[in-house]
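Below are the chains, spelled out letter by letter.
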Amino acid sequence: MDYSLYPTIPVLIERSNLDQKWGFRLQGGVDFRLPLSIKKIIPNTPSHNKLYPGDGLMFIDGQDVSTMKHEDAQYIMRNSLRLQLILRRGLLNTVRPSKASVKFAPGPNPRVNPALYNTTTPNNYRRF
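The protein appears in an unreviewed UniProt entry as PDZ domain-containing protein from Adineta steineri.

The secondary structure content of the protein amounts to one helix and six strands. Listing every helix and strand of the protein by position from the N terminus yields β-β-β-β-β-α-β. Taking all 128 residues of the protein together, 30% fall into the buried category. Considering only contacts in the protein between residues 6 or more positions apart, those separated by 24 or more positions represent 65%. Of the roughly 9,400 Å² of accessible surface on the protein, 53% is carried by carbon and sulfur atoms.

Strand direction decides the pairing type here: strand β4 (residues 56-60) and strand β6 (residues 82-88), joined by four bridges, are antiparallel. In the strand pairing of β6, F59 is matched with I86. As judged from the two bridges shared by β4 and strand β5 (residues 63-64), these two strands associate in the antiparallel manner. What sits directly across from F59, in β5, is D64. Taken together, β4 and the strand that follows it, β5, pair antiparallel across an intervening segment of two residues, in which D61 is found at a positive phi of about 50°.

Bringing the environment of A73 into the picture now. Along the chain, the position of A73 falls in helix α1 (residues 70-78). Its relative accessible area of 0% is what places A73 among the buried residues. Through-space distance from the C-alpha of A73 to that of G29 is 8.2 Å; in sequence the pair is 44 residues apart. Not counting the four nearest positions on each side in its chain, A73 is found in contact with L26, L36, I60 and M68.

Glancing now at the side chain of S47. Counting through the fold element by element, S47 comes out in the loop between β3 (34-41) and β4. Looking at S47, the relative accessible area reads 0%, which means it is buried. Excluding anything up to four places from it in sequence, S47 contacts I13, W22, G23, F24 and I41.

Core analysis: the biggest nonpolar cluster contains 19 residues, and F24, L51, L57 and I60 have the highest contact counts within it. Excluding its chain neighbours within four sequence positions, the residues that come into contact with L51 are V11, I13, F24, I38, I41, L85, L87 and R89.

Residue R33 is not a glycine yet carries a positive backbone phi of 60°. You can call R33 exposed: its relative accessible area is 62%. Non-glycine residue D61 carries a positive phi angle of around 50°. Within the secondary structure, D61 sits in the loop between β4 and β5.

Further remarks concern the pattern of salt bridges. Tallying each qualifying case throughout the model produces two salt bridges. In this structure, R82 engages E14 in a salt bridge whose closest nitrogen and oxygen atoms are separated by 3.5 Å. Remark: E14 occurs in strand β1 (residues 8-14) and R82 occurs in strand β6; sequence separation between them is 68 residues. E14 gets classed as partly exposed once you look at its relative accessible area, which sits at 49%.

Here is what the cut-offs are and how they apply
Residues numbered from 1 in each chain as written. Predicted model: local features only at pLDDT ≥ 70, side-chain atom pairs only at ≥ 80, totals over all residues. Heavy atoms only, no water. Helix = DSSP H or I, 4+ residues; strand = E, 2+ residues; numbered from the N terminus. Buried < 20%, exposed > 50% of the residue type's maximum accessible area, 1.4 Å probe, protein only. Contact = heavy atoms within 4.5 Å. Areas by Shrake-Rupley, 256 points an atom, 1.4 Å probe, with all protein chains shown as cover. Pairing = 2+ DSSP bridges. Core = buried A, V, L, I, M, F, W, Y, C linked by side-chain atoms within 4.5 Å. Salt bridge = Lys/Arg side-chain N within 4 Å of Asp/Glu carboxyl O.

Here it is as structure tokens:
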């Protein structure tokens, strides 16, 4: 896909204290196998009329988000009074999953045959 068709827009958002919400819902991240993007905007918040659903994030405070986990992006945003975002307006559609979201991580440990870990009792009988 040719991303040059979407305008790159710098956006500065500020809030008065860390307890004030930014006013947007973030979706995606490499752990969800989706690019980071804006899913929802809450009216009358610092993000209102600055961000829009479907905006794709490219940079957060100068950090490239293409390899960033969702949790890492949230951490940066939670601990900032000022966010300098570079985004592509309208780059992505918001995703509405039919099931609950699933993080992609290494699978569970394979089942181990319990017989491999049999121990002997004090009278040298094996436990099974």
